[in-house]
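The residues making up each chain are set out below.
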Amino acid sequence: MTRRERLRRCYFHEELDRPAVYSRTGFPPNDPGYDQLRAYLSEYTELKHGWDSSRVEFEIPPGIKTEPYSEDFRKKITILHTPKGDLQATHFVGLKNQPGMHETFFLKDRADAEKYLSLSLPELSGDTSSFFELDAQLGDAGIVDVSLGFNPAGHVAELFGSEMFAIMSVTDRDMIDALCQRRMKILINRLKFLLSRKVGPYFSMLGQEYIVPPLHGPADFYAFNVKYDKPIIDLVHEAGGRIHIHCHGSIKDIFQGFIDMGADVLHPFEPPPQGNITAREAKHLARDKLCLEGNIQIHRMYDASPEDIRQETEQLIRDTFDDHKGLIVCPSASPYLPGQGEACFPQYKAMIDTVLEWGS
């Protein structure tokens, strides 16, 4: 079975010869210490190369300027021009490979939301040939993941920030709904454009993790995630496609929501303390409906031993692969520590080799 076929079977809930094995690849920039890991992933794992679908949309770009802030950060100021007035967000950009941080968000209140809603929907145009070129380059090694970006509610949470989104969901719920509807229309229009040009069949969305416990309850997960994601996912399915959902957090109480919205693959279904669902519990709920992608915690690739990772991988397979369906063994995030590529390589190799040897 080729790597491409193995992933196809994962996404379509068909029987496998062994689990697939994969890793996200957001490596620290300009870090040759990860070259050995990159090569091993390329040679031995199922590959998914991302293709950003937003390239087919055209909007007037925001204004951006930067100014000094400290030895560790500079401040990025983004100004979005709308027919009803300007919106501004500020972000700290790390100068020493550290993660960036939001300072302020585009939307602070109802008036800002009304400004944002005055924007026209993006125009659709553009050449999709790069998708087919990437798909041909991958060949039998994997698939091209067409990223739709943030789902409607996740997009709106990014505009407000998590705390203000939660507040507005109580005080100005109609405005949250209006913003989610706008984002849903944009994604549906984009998807129709892509499908008419035979782009697919593997799509992905993220952002659902903004509306999960403990900040939000199951009712809000259904009201904002399931309600606005399902029409998008239905369109993918009607075209014969499949969709991957990325969602960290405590998802046990809202796991059924992923099935109800129509997700085909879910990453990373984390146990305590990062989440609240075990692999065995996730499999019980997902069986024959949803492929599980995970759930080796990324920090274990740096602070565990290769034997620890081998045992964790074996246990994950025993807990979730009794039916020989629906498992992509995967760390919970990309390799993330600068300068630690050589330190984490033995653990990654142990995970990959354990999967490759399974059942042989």
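Here, the structure is the one placed above.
The rules behind each value
- Residues numbered from 1 in each chain as written.
- Predicted model: local features only at pLDDT ≥ 70, side-chain atom pairs only at ≥ 80, totals over all residues.
- Heavy atoms only, no water.
- Disulfide = S-S within 2.5 Å.
- Core = buried A, V, L, I, M, F, W, Y, C linked by side-chain atoms within 4.5 Å.
- Buried < 20%, exposed > 50% of the residue type's maximum accessible area, 1.4 Å probe, protein only.
- Helix = DSSP H or I, 4+ residues; strand = E, 2+ residues; numbered from the N terminus.
- Axes fitted to C-alpha atoms, helices over the stretch in contact; angles between N-to-C directions.
- Contact = heavy atoms within 4.5 Å.
- Nonpolar A, V, L, I, M, F, W, Y, C, P; charged D, E, K, R; others polar.
- Right-handed = clockwise from strand over helix to strand, strands pointing away.
- Pairing = 2+ DSSP bridges.
- Polar contact = N/O pair within 3.5 Å; in protein donor to acceptor, adjacent residues only side chain to side chain.
- Arc of directions from axis to C-beta.
- 1 Å grid on protein atoms, 1.4 Å probe; cavity = no way out; pocket = protein on both sides within 12 Å on 5 of 7 lines; lining within 4 Å.
- Points joined across faces, edges and corners; volume = space filled by probe spheres on them.

A separate point is the state of the cysteines. Evaluation of the coordinates by the stated rule reveals 0 disulfides. With no disulfide of its own, Cys-291 lies 4.4 Å from the sulfur of Cys-10, the closest cysteine sulfur. Cysteine Cys-330 remains unbridged, with the sulfur of Cys-291 as its closest cysteine sulfur at 11 Å.

Counting 102 residues, the largest nonpolar core has Phe-255 and Phe-258 as the members making the most contacts within it. Ranked by the residues each element gives to this core, the list is headed by helix H7 (residues 173–196), at 10 residues.

When two helices pack together, their arrangement is given by the angle between their axes and by how far apart the axes lie. Two elements in contact, helix H6 (residues 162–171) and H7, have axes separated by 5 Å at closest approach and are oriented at 115°. Contacts from Phe-165, Met-168, Ser-169 and Thr-171 of H6 reach H7 at Arg-173, Met-175 and Ile-176. Residue composition of the contact of H6 with H7, grouped by class: 4 nonpolar, 2 polar and 1 charged.

A word on the pairing of strand S11 (residues 242–247). Here S11 lies mainly inside the structure; 6 of its 6 residues are buried. In S11, alternate side chains face the same way, and those of Arg-242, His-244 and His-246 on one face and Ile-243, Ile-245 and Cys-247 on the other are all buried. Between the parallel elements strand S10 (residues 202–206) and S11, the chain passes through helix H8 (residues 218–238) in a crossover that is right-handed. The sheet contact formed by S11 and strand S12 (residues 265–268) spans 4 bridges and is parallel. Following the sheet pairing, His-244 is matched in S12 by Val-265.

To continue, consider the environment of Thr-2. Inspection of the secondary structure puts Thr-2 in the segment before helix H1 (3–11). Taking C-alpha positions, Thr-2 is 7.0 Å from Ala-141, a pair spaced 139 residues apart along the chain. Of the polar contacts made by the side chain of Thr-2, one reaches the backbone nitrogen of Glu-5; its length is 3.0 Å.

Spatial ordering of the open sheet is given by S1-S14-S13-S12-S11-S10-S9-S2, a layout of 8 strands whose pairing is parallel. The sheet is open, and its two edges are formed by strand S1 (20–21) and strand S2 (47–52), each paired on a single side. Bridging between strand S13 (residues 291–296) and strand S14 (residues 327–331) involves 5 bridges; their strand directions are parallel. Residue pairing across strands places Leu-292 opposite Leu-327, the latter belonging to S14. Against the sheet, H8 engages strand S9 (142–150), S10 and S11, with an angle of about 170° to S10.

So, about helix H3 (residues 110–117). Looking only at H3, the buried set comprises Asp-112, Ala-113 and Tyr-116. The arc that holds the buried residues of H3, viewed along the axis, is 100°, so those residues lie on one side. Lining the buried residues of H3 we find strand S5 (73–82), strand S6 (85–94), helix H5 (152–160) and H7. The distance from a side-chain oxygen at the start of H3 to the backbone nitrogen of Ala-111 is 3.2 Å, and the residue carrying that oxygen is Asp-109.

In this section: the sheet that holds S6. Here 4 strands make up an open sheet; going across it, the order is S4-S5-S6-S7 and the pairing antiparallel. Edge positions in the sheet fall to strand S4 (63–68) and strand S7 (101–104), since each has one partner strand and no second. Neighbouring strand axes in the sheet, compared pairwise and without regard to direction, differ in orientation by 25° on average. Two elements, S5 and S6, share 10 bridges in a ladder whose sense is antiparallel. Bridge pairing in S6 links Leu-80 to Leu-87.

Turning our eyes to something else, we now look at empty space enclosed by the protein. All told, the structure shown has 1 cavity of 30 Å³ or more when counted by the stated rule. Taken together, His-13, Lys-283, Ala-286, Asp-288, Lys-289, Leu-290, Cys-291, Asp-323, Lys-325 and Gly-326 form the lining of the largest cavity. Tallied by class, the residues present in the lining of the largest cavity amount to 3 nonpolar, 2 polar and 5 charged.

Looking only at H1, the buried set comprises Arg-6, Leu-7, Cys-10 and Tyr-11. The buried residues of H1 all sit within an arc of 135° when viewed along its axis, so they share a single face. At the exit of H1 stands His-13, carrying a positive phi of roughly 60°.

Turning to the side chain of Thr-354, a few remarks are in order. Tracing the backbone through its elements, the reader meets Thr-354 in helix H13 (residues 341–357). For Thr-354, the residues in contact, after removing those within four places along its chain, are Arg-310, Thr-313 and Glu-314.

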